[in-house]
Amino acid sequence: SMKEKAQSFTNGLMDSLTLYWNKFLLALPRIVLAIVLLIIVVYIAAYIARLLKKRLSGKEHDPLFVKFLSKITKVAVIICGIILAMQTLGLTGVASGLLAGAGISAFIFGFAFKDIAENFLGGVILAFNRPFSLNDTIVIREFSGHIVALNFRTTHIKTFDEGDVFIPNSIVIKEPLINLTRDGKIRLNFVVGIAYEDDITQAIATICEEMEPITDMKKEIKTFTVVEELSVSTVNLKVSCWEDTYDYRKGVLKI
């Protein structure tokens, strides 16, 4: 009858639920252990990252390199922790499958996410063989500013007008990059036009005299002025001076 069928279905459902509940209770210690292991691994990863930062911080190590290395180490330790937690849960096959499929997955994802993989590898190369350090002033393409951070995918620079630019690491690797902070100074050139009846020697002396008080100038290298061109209506004097590269745009405006 309909009543008997309903009763049979209910009994079967209760038996199934009881069976799964009992299996869950049996697996509960492993689940708790896996969660505890995962929490411990996350704390260990954070501790190792902090330890690396502390040990490698100093004049001999670039902070940019230290931060990037600590990030990679933290992620690697957490991945190992996830695999360990899976094995604790009895999912050894899944963990092994993940490890075995890592090479194939890397191959597939390398094509699917070519740009991401390329930028990540570019970040690794920049971390170990970098053309700049933290706070260096660089010029790449139409962007110029100070290095703020090296991320997994991008290089973060702060422009002179306080804009934040995130340049893909693959571009930083491939494109010509000018580092203005290697020796801390940059030469600035501009032209002053004077009339033919003016005294050239006096004009040069006046220019050099007026340039001296500018506080950001590099005093160890003197400003000099030469006649660059005899144009139709003016004598063009080329002035060359040196400026601190950290904020040389300010120096340009002042000069």
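First, a word on what this report is: a plain description of the structure on this page. Keep in mind the model is a prediction, meaning the values are calculated, not measured.

**Focus: the overall build of the chain**
- Scanning the chain from terminus to terminus reveals seven helices and eight strands.
- Every one of the 255 residues in the chain was classed for burial, and the buried ones make up 30%.
- Here the chain has roughly 16,400 Å² of accessible surface; of this, 65% comes from carbon and sulfur atoms.

**Some remarks on a nonpolar patch on the surface**
- On the surface, Leu28, Val32, Val36, Ile40 and Ile44 cluster together into a nonpolar patch covering about 360 Å² of accessible area.
- Residue placement: Val36 occurs in helix α1 (residues 2–56).
- Assessed through its relative accessible area of 38%, Val36 is described here as partly exposed.

**Looking at the sheet that holds strand β1 (residues 137–140)**
- Here we have five strands laid out as an open sheet, ordered β4-β3-β2-β1-β5, and antiparallel in their pairing. Where the open sheet ends on each side, the last strands, each with one partner, are β4 (164–168) and β5 (177–179). Between one strand axis and the next, the sheet turns through 40 degrees on average, direction left out of account.

**So, helix α6 (residues 200–211)**
- Relative to the 16 Å expected for 12 residues at 1.5 Å per residue, α6 spans 17 Å between its end C-alpha atoms, a close match to the ideal helical length.
- By the burial criterion, the buried members of α6 are Ala203, Ile207, Cys208 and Met211. What you see down the axis of α6 is that its buried residues fit within an arc of 130 degrees, all on one side. The exposed residues of α6 that point more than 90 degrees off its buried face are Thr201, Glu209 and Glu210.
- The secondary structure elements touched by the buried residues of α6 are β6 (185–194), β7 (224–230) and β8 (235–244).
- At the N-terminal boundary of α6, the capping side chain belongs to Asp199, with an oxygen 3.0 Å from the backbone nitrogen of Thr201.

**Observations concerning the pattern of salt bridges**
- Summed over the entire model, instances satisfying the criterion amount to two salt bridges.
- Notably, a salt bridge pairs Arg141 with Glu175, separated by 3.1 Å at the nearest N-O pair. Within this pair, whereas Arg141 is found in the loop between β1 and β2 (143–150), its partner Glu175 is found in the loop between α5 (169–174) and β5, the two being separated by 34 residues in sequence.

Rules of the game
- Residues numbered from 1 in each chain as written.
- Predicted model: local features only at pLDDT ≥ 70, side-chain atom pairs only at ≥ 80, totals over all residues.
- Heavy atoms only, no water.
- Helix = DSSP H or I, 4+ residues; strand = E, 2+ residues; numbered from the N terminus.
- Buried < 20%, exposed > 50% of the residue type's maximum accessible area, 1.4 Å probe, protein only.
- Areas by Shrake-Rupley, 256 points an atom, 1.4 Å probe, with all protein chains shown as cover.
- Patch = residues over 30% accessible without salt bridge, like charges linked within 9 Å, V, L, I, M, F, W, Y side chains within 5 Å.
- Salt bridge = Lys/Arg side-chain N within 4 Å of Asp/Glu carboxyl O.
- Pairing = 2+ DSSP bridges.
- Axes fitted to C-alpha atoms, helices over the stretch in contact; angles between N-to-C directions.
- Expected span 1.5 Å × (residues − 1).
- Arc of directions from axis to C-beta.
- Contact = heavy atoms within 4.5 Å.
- Polar contact = N/O pair within 3.5 Å; in protein donor to acceptor, adjacent residues only side chain to side chain.

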